[in-house]
Amino acid sequence: MDTKKIKILLAEDDPNLGTILKAFLEAKGFPAKLAVNGAEAYNMFLKESFDFCIFDVMMPEKDGFTLAKEIRKIDKKVPILFLTAKSMQEDIIEGLKIGADDYLTKPFSMDELLLRINAILRRSNIEDASESQKTFFHIGAYTFDFSRQILNFKGDEQKLTSKEAQLLKMLCDFTNDVLDRSLALKKIWLDDNYFNARSMDVYIAKLRKYLKKDPNVELLNVHGKGFKLIVNEDASVE
């Protein structure tokens, strides 16, 4: 399996084990970033793109389950593998409810870890372009090329700024679902302060103007929550 593009976020509070796991993963061809607690891992996920997550369950500041729940709000499909020192059935069930793809109970062998990772990758077909890394979208009668930052309506092209493109991509990823305001601010502006929030409102207004040519497409403010890109039945985002 080609692992060159599979970037792993590893969250492990034991510095010795974390260092060993990171070195092992990189030796096997997986670029890896190590976080020593759940809060640090969450901030890394906001700022960088990852294709796979390995989270210890018991961590300071933010435990693995809480971290996974927050990650799932951002990316519903990124594979998550839990590492746990517990063997209790309740923990396994909790992890699966959150949407974990698998778990490993400590102690475990490195060979077993590699087998679990490869098995998850085969199941998810993550070696192909994943949904989270998708760059071309159909939005009703529009097409949106994120890599070129171009929104096209029946041959009429609108060149988007970098932030406009990032924001529209997040809206596409959450089509017909609410994109949390704070999440978008932290992911794109890296801070959800008042001034950035006002800036984002301006960008939302611009995107709404760009998308008004198709009556099947709506960009709504959801009071107290965020924004929702609605593509009605006669339209689609693919």
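In what follows, the structure referred to is the one given above.
All values derive from a computational prediction rather than experimental measurement. (Residues numbered from 1 in each chain as written. Predicted model: local features only at pLDDT ≥ 70, side-chain atom pairs only at ≥ 80, totals over all residues. Heavy atoms only, no water.)

*Asks:* Any details on helix α2 (residues 38–47)? Residues and values, ideally.
*Replies:* Within α2, burial applies to G38, A41, Y42, M44, F45 and L46. Of the surrounding elements, those touching the buried residues of α2 are β1 (8–11), β2 (32–35), β3 (52–56), α3 (64–74) and α7 (181–189). Its side-chain oxygen at 3.1 Å from the backbone nitrogen of A39, N37 defines the N-terminal cap of α2. (Buried < 20%, exposed > 50% of the residue type's maximum accessible area, 1.4 Å probe, protein only. Helix = DSSP H or I, 4+ residues; strand = E, 2+ residues; numbered from the N terminus. Contact = heavy atoms within 4.5 Å. Polar contact = N/O pair within 3.5 Å; in protein donor to acceptor, adjacent residues only side chain to side chain.)

*Asks:* Could you give an account of unusual backbone geometry, naming the residues involved and the relevant values?
*Replies:* Note that the residue after K106, namely P107, is joined by a cis bond; omega there is -5°. Relative to the helices and strands, P107 is located in the loop between β5 (102–105) and α5 (110–124). Its identity is not glycine, yet E61 carries a phi of approximately 70°, on the positive side. By the secondary structure assignment, E61 is in the loop between β3 and α3. Even without glycine at this site, Q149 takes up a positive phi of about 60°.

*Asks:* Tell me about the packing of helix α1 (residues 15–27) against α5, and please be specific about residues and values.
*Replies:* Here α1 crosses α5 at 55°, and the two axes come no closer than 11 Å. Accordingly, the angle class assigned to the pair α1 and α5 is oblique. The hand of the α1/α5 crossing is right-handed. Only M110, L113, L114 and I117 of α5 make contact with α1, whose side of the interface consists of I20, L21, F24 and L25. Looking at side-chain class alone, the contact of α1 with α5 contains 8 nonpolar, no polar and no charged residues. (Axes fitted to C-alpha atoms, helices over the stretch in contact; angles between N-to-C directions. Parallel < 35°, antiparallel > 145°, perpendicular 65-115°, else oblique. Left-handed = near helix turned anticlockwise from the far one by under 90°. Nonpolar A, V, L, I, M, F, W, Y, C, P; charged D, E, K, R; others polar.)

*Asks:* Explain the sheet that holds β1 to me, using residue names and the numbers behind them.
*Replies:* The strands making up a sheet are joined through hydrogen bonds of the backbone, oriented either antiparallel or parallel. The parallel open sheet is built from 5 strands, whose spatial order is β2-β1-β3-β4-β5. Two strands close off the open sheet at either side, each with one partner strand: β2 and β5. Each strand axis lies, on average, 15° off the axis of its neighbour in the sheet, ignoring direction. Pairing analysis gives 4 bridges linking β1 to β2, with the strands arranged parallel. Among the inter-strand pairings, I8 is bridged to a residue of β2, identified as A32. Relative to β2, α2 is tilted by about 145°, and along the sheet it contacts β1, β2 and β3. Against the sheet, α3 engages β1, β3 and β4 (80–84), with an angle of about 170° to β4. (Pairing = 2+ DSSP bridges.)

*Asks:* Please set out the packing of aromatic side chains residue by residue, giving values where relevant.
*Replies:* Going through the model one piece at a time under the given rule, you end up with 7 aromatic pairs. Taken together, a centroid distance of 5.6 Å and an interplanar angle of 70° make the contact between W189 and Y203 edge-to-face. With W189 in helix α7 and Y203 in helix α8 (residues 194–210), this residue pair connects regions lying 14 residues apart in the sequence. By relative accessible area, which is 12% here, W189 ends up buried. An aromatic cluster is present here, built from F137, F144 and F146 joined pairwise through their rings. (Phe/Tyr/Trp six-rings, centres within 6.5 Å; stacked < 30°, edge-to-face > 60°.)

*Asks:* Got a sec to walk through the environment of F136? Specific residues and values, please.
*Replies:* Considering the arrangement of structural elements, one finds F136 in strand β6 (residues 136–139). Given a relative accessible area of 38%, F136 falls into the partly exposed group. Each C-alpha atom, one on F136 and one on C172, is 9.9 Å from the other, the two residues being 36 residues apart in sequence.

*Asks:* I'd love a proper account of the nonpolar core, names of residues and values included.
*Replies:* Counting residues in hydrophobic clusters, the biggest one holds 55 residues, and the most contacted among them are F55, I139, F144, L167, L168 and L171. When neighbours within four sequence positions are excluded, L168 is seen to be in contact with I139, F144, L151, L160, L207 and L211. Listed in part, the 19 residues of the second largest apolar core include I8, I54, L81 and F108. (Core = buried A, V, L, I, M, F, W, Y, C linked by side-chain atoms within 4.5 Å.)

In short, shape yes, function no, at least from these values alone.
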